[in-house]
Amino acid sequence: MKVLVVGLGGVTNGGKTTLAKRLRKRLPNCSILSQDDFFKPESEVEIDERGFKQYDVLDALYMDEMVTSIHTWLKNPTGFSVSTAEMKSTHSNLKSTEEVHILIVEGFLLYNYEPLNEVWDRRYFLTIPYEECKRRRSTRVYQPADPPGYFDGHVWPMYLKHKREMEENTNNIVYLDGTKSEEDLLSYLYNDILREQEVLKK
Ligand SMILES: Nc1ncnc2c1ncn2[C@@H]1O[C@H](COP(=O)(O)OP(=O)(O)O)[C@@H](O)[C@H]1O
Ligand SMILES: NC(=O)c1ccc[n+]([C@@H]2O[C@H](COP(=O)(O)O)[C@@H](O)[C@H]2O)c1
């Protein structure tokens, strides 16, 4: 059985979850793993001197558990399902030997964690400009909600820092313009992943 692990990384509110869910609807044998599901509880997240909870760093996440989940899927791609019913994979009726199983891992901090570096067959990264990101983020409610000044004081500076580090240490990133329409992004990614799949089948 062949497998494809696709990273769908990028800025907060760049459209990662939206795109991952739409892709899963179109691609047979496709599962999603969301980095958001690996956040530590609020009580375990560090607080800086300004009182800002340090959510936008690797330490806020159970990254070891995320790695384990990916390896569990790699061992048994057909049996994989995560907690939410909605996240279960789609199935095709192809014979299993011909199938390529796809795992889309979506999250804002995928390519800054060394133990995951070898896992990706494809690394995508969604970007949107500062103003658009701030606008989209202001309409979203996290638990806990962003306090005043959080975007400019923590979220955006951490994004820039991690993006810089990623660019220094990682090759083969395919950047996606998150201001494009959902349809355009979906069709580009769908075709790109299908091409990867065909290469694998040969
Ligand atoms: N291509 C797009 N163009 C405009 N808005 C989008 C697009 N994709 C997603 N959105 C909107 O942006 C917000 C964040 O999307 P989401 O998929 O949750 O982002 P992420 O998972 O990257 O945080 C949502 O309100 C969503 O409807
Ligand atoms: N899921 C949580 O427990 C939680 C809590 C507070 C903030 N966040 C935010 O989630 C963001 C990452 O997720 P998105 O890429 O889906 O926006 C981070 O910018 C972080 O500030 C998540």
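Keep in mind the model is a prediction, meaning the values are calculated, not measured. (Residues numbered from 1 in each chain as written. Chains lettered and ligands numbered in written order. Predicted model: local features only at pLDDT ≥ 70, side-chain atom pairs only at ≥ 80, totals over all residues.)

Details of the overall build of the chain
When its secondary structure is counted, the chain shows five helices and five strands. Helices (α) and strands (β) of the chain occur, in sequence order from the N terminus, as β-α-β-α-β-β-α-α-β-α. Here the C-alpha radius of gyration of the chain, 17 Å, is about what a compact globule of 202 residues would show, namely 17 Å. Along the longest, intermediate and shortest principal axes, the C-alpha atoms of the chain span 55 × 35 × 35 Å. When each of the 202 residues of the chain is scored for burial, the buried share is 30%. Within the chain, residue pairs in contact and separated by at least 24 positions form 83% of the contacts whose partners lie at least 6 positions apart. (Helix = DSSP H or I, 4+ residues; strand = E, 2+ residues; numbered from the N terminus. Rg over C-alpha atoms; globule rule 2.2 N^0.38 Å. Buried ≥ 20, exposed ≤ 12 C-beta atoms within 10 Å, placed from the backbone. Contact = placed C-beta atoms within 7 Å.)

A short note on the site of ligand 2
Taken together, the residues surrounding ligand 2 are Thr12, Asn13, Asp36, Phe39, Tyr55, Asp56, Phe108, Tyr142, Gln143, Pro144 and Val155. Its residues assigned to classes, the shell around ligand 2 shows six nonpolar, three polar and two charged. (Near = placed C-beta within 6 Å. Nonpolar A, V, L, I, M, F, W, Y, C, P; charged D, E, K, R; others polar.)

A look at the sheet that holds strand E4 (residues 122–127)
Two orientations exist for strands paired in a sheet by backbone hydrogen bonds: parallel and antiparallel. The strand order across the open sheet built from five strands is E2-E3-E1-E4-E5, with neighbouring strands paired in parallel fashion. Strands at the two margins of the open sheet, each flanked by one partner only, are strand E2 (30–34) and strand E5 (173–177). Here the strands of the sheet are splayed against their neighbours by 25° on average, with no regard to which way each runs. Looking at chain direction, E4 and E5 are connected through five bridges and run parallel. Residue pairing for E5: Thr127 is matched across the bridge by Asp177. Packed on one face of the sheet, helix H5 (residues 182–201) meets strand E1 (2–10), strand E3 (100–107), E4 and E5 and runs near 150° to E1. (Pairing = 2+ DSSP bridges. Axes fitted to C-alpha atoms, helices over the stretch in contact; angles between N-to-C directions.)

Regarding the nonpolar core
Membership of the largest hydrophobic core comes to 37 residues, with the highest contact counts inside it found for Val6, Leu8, Leu23, Ile102, Leu103, Ile104 and Val105. Sorting the residues of this core by element identifies E1, helix H1 (16–26), E2, helix H2 (63–75), E3, E4, helix H4 (150–169) and H5 as the ones contributing at least two each. At five residues, the largest contribution of residues to this core is made by E3. Dropping the residues within four chain positions of it, Leu23 is found in contact with Cys30, Ile104, Leu186, Leu189 and Tyr190. (Core = buried A, V, L, I, M, F, W, Y, C linked by C-beta atoms within 7 Å.)

With respect to H5
Relative to the 28 Å expected for 20 residues at 1.5 Å per residue, H5 spans 28 Å between its end C-alpha atoms, a close match to the ideal helical length. Where H5 is buried, its residues touch E1, H1, E3, E4 and E5. (Expected span 1.5 Å × (residues − 1).)

Focus: the site of ligand 1
Every residue lining ligand 1 is accounted for by Thr12, Asn13, Gly14, Gly15, Lys16, Thr17, Thr18, Arg136, Gly178, Ser181, Glu182 and Leu185. Elements with a minimum of two residues in the shell around ligand 1: H1 and H5.

Looking at the environment of Thr78
Tracing the sequence through the fold places Thr78 in the loop between H2 and E3. Overall, Thr78 belongs to the partly exposed group, with 14 C-beta atoms counted inside 10 Å. Sequence separation of Thr78 and Ser31 is 47 residues, and the distance between their C-alpha atoms is 9.3 Å.

Structural notes on unusual backbone geometry
Cis geometry marks the peptide bond from Gln143 to Pro144; its omega dihedral reads 5°. Examined against the element boundaries, Pro144 turns out to sit in the loop between helix H3 (130–138) and H4. Phi at Asn13 is positive, roughly 65°, even though this residue is not glycine. One non-glycine residue, Asn172, adopts positive backbone phi at about 60°. The topology assignment puts Asn172 in the loop between H4 and E5.

Section: the pairing of E4
Two strands pair when backbone bridges link them, and E1 and E4 are joined in this way by five bridges, in the parallel orientation. Each residue of the ladder has a partner; that of Val6, found in E4, is Arg122.

Notes on the confidence of the model for the chain
Interpretation of the predicted coordinates at a detailed level should be avoided for regions scoring low in pLDDT. Summarising the model, the chain shows a mean pLDDT of 92, and 91% of its residues fall at 70 or more. Residue range residues 81–88 is modelled with pLDDT below 50. Its contacts to residues more than four positions away, or to other chains, number six contacts. (pLDDT = per-residue confidence, 0-100.)

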